[in-house]
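As a plain string of letters, each chain reads:
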Amino acid sequence: MDKHEGPDAGTIRLDDPWYDGPAVDWGEGEGDCGGDAPLRSAGGRAAPADASEIYLEVQRSAAFQEVRSRYRGFVVPATAAFLLWYVAYVVAATAAPGFMARPVAGAVNVALLAGLGQFLSTFLLTWAYARHARLRRDRAALDLRWTVFEQERGHGRGRKREAGR
């Protein structure tokens, strides 16, 4: 998301798709969205009739599958590596107490360094996850969110026109 400067830098835009304002008209007027012409999605196809169809269409889209694939491509190996590192630490602490008690420098032993390494690896993994999300997923996810937002907004407009007749 781009940073904004100026007097309204800290305000939330009401058309911001990340803003979760109160859900108006939920459960009212299910079914046909009304209006004279069918709504069009970004691909030029007729837009789905209700919100659940919009989300199912997005879930089936190649863009959504790409975002999920990138997510899984980072999270699965990172989780496996971290759990392996944690289990190795616990096993070494219980199965090899002599090794873990070996002094490294003064009162600092292998167990203390490995324990501090657990904290360090947690912080490094958190940083790597945030960086990966920012560089590889956030923009695509925001584009998907805008697409859904526009379709829902068009859907809501159609229902309001129908209610006004």
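Residues numbered from 1 in each chain as written. Predicted model: local features only at pLDDT ≥ 70, side-chain atom pairs only at ≥ 80, totals over all residues. Heavy atoms only, no water.

### Some words on the overall build of the protein
In step 1: Counting its secondary structure elements, the protein contains four helices and two strands.
In step 2: Seen in sequence order, the protein has helices and strands lined up from the N terminus as α-α-α-β-β-α.
In step 3: Classification of the 165 residues of the protein by burial places 22% in the buried group.
In step 4: For the protein, the proportion of contacts with a sequence separation of at least 24, taken over those separated by at least 6, is 68%.
In step 5: Accessible area of the protein: about 11900 Å², with a carbon and sulfur share of 61%. (Helix = DSSP H or I, 4+ residues; strand = E, 2+ residues; numbered from the N terminus. Buried < 20%, exposed > 50% of the residue type's maximum accessible area, 1.4 Å probe, protein only. Contact = heavy atoms within 4.5 Å. Areas by Shrake-Rupley, 256 points an atom, 1.4 Å probe, with all protein chains shown as cover.)

### Quick notes on a nonpolar patch on the surface
In step 1: On the surface, a nonpolar cluster with roughly 630 Å² of combined accessible area is contributed by Val104, Leu112, Leu113, Leu116, Phe119 and Phe123.
In step 2: Considering every element that reaches the nonpolar patch, the biggest residue donor is helix α4 (residues 110-164), with five residues.
In step 3: With respect to the secondary-structure elements, Leu116 resides in helix α4. (Patch = residues over 30% accessible without salt bridge, like charges linked within 9 Å, V, L, I, M, F, W, Y side chains within 5 Å. Salt bridge = Lys/Arg side-chain N within 4 Å of Asp/Glu carboxyl O.)

### Examining the packing of aromatic side chains
Geometry of an aromatic ring pair is reported as the spacing of the ring centres plus the angle between the planes.
In step 1: On inspection of all chains with the given rule, the structure shows two aromatic pairs.
In step 2: Ring centres of Trp146 and Phe149 lie 5.6 Å apart, and the angle between their planes is 85 degrees; on these two criteria the pair is classed as edge-to-face. In this pair, Trp146 and Phe149 are both assigned in helix α4, three residues apart and thus about one turn of the helix distant. (Phe/Tyr/Trp six-rings, centres within 6.5 Å; stacked < 30°, edge-to-face > 60°.)

### Overview of helix α2 (residues 62-95)
In step 1: With 34 residues, α2 should reach 50 Å at 1.5 Å per residue; the first-to-last C-alpha distance of 48 Å fits that figure.
In step 2: Taken as a whole, α2 has its buried residues at Val67, Phe74, Val75 and Ala78. (Expected span 1.5 Å × (residues − 1).)

### With respect to the environment of Arg137
In step 1: Within the secondary structure, Arg137 is located in helix α4.
In step 2: Taking the relative accessible area as the measure of exposure, Arg137 reaches 8% and is therefore buried.
In step 3: Linking Arg137 and Arg70, residues 67 residues apart in sequence, is a C-alpha distance of 7.0 Å.
In step 4: Not counting chain neighbours up to four residues away, the residues in contact with Arg137 comprise Val67, Arg70, Tyr71, Tyr129 and His132.

### Thoughts on the side chain of His132
In step 1: Turning to its location among the elements, His132 is positioned in helix α4.
In step 2: Filtering out sequence-adjacent residues up to four positions away, His132 remains in contact with Arg70, Phe74 and Arg137.

### Focus on the packing of helix α1 (residues 51-60) against α2
In step 1: Where α1 contacts α2, the two axes come as close as 5 Å, and the packing angle between them is 65 degrees. Each of Val58, Gln59 and Arg60 in α1 lies in contact with α2, whose residues at this interface are Ala62, Phe64 and Gln65.
In step 2: By residue class, the composition of the contact of α1 with α2 is three nonpolar, two polar and one charged. (Axes fitted to C-alpha atoms, helices over the stretch in contact; angles between N-to-C directions. Nonpolar A, V, L, I, M, F, W, Y, C, P; charged D, E, K, R; others polar.)

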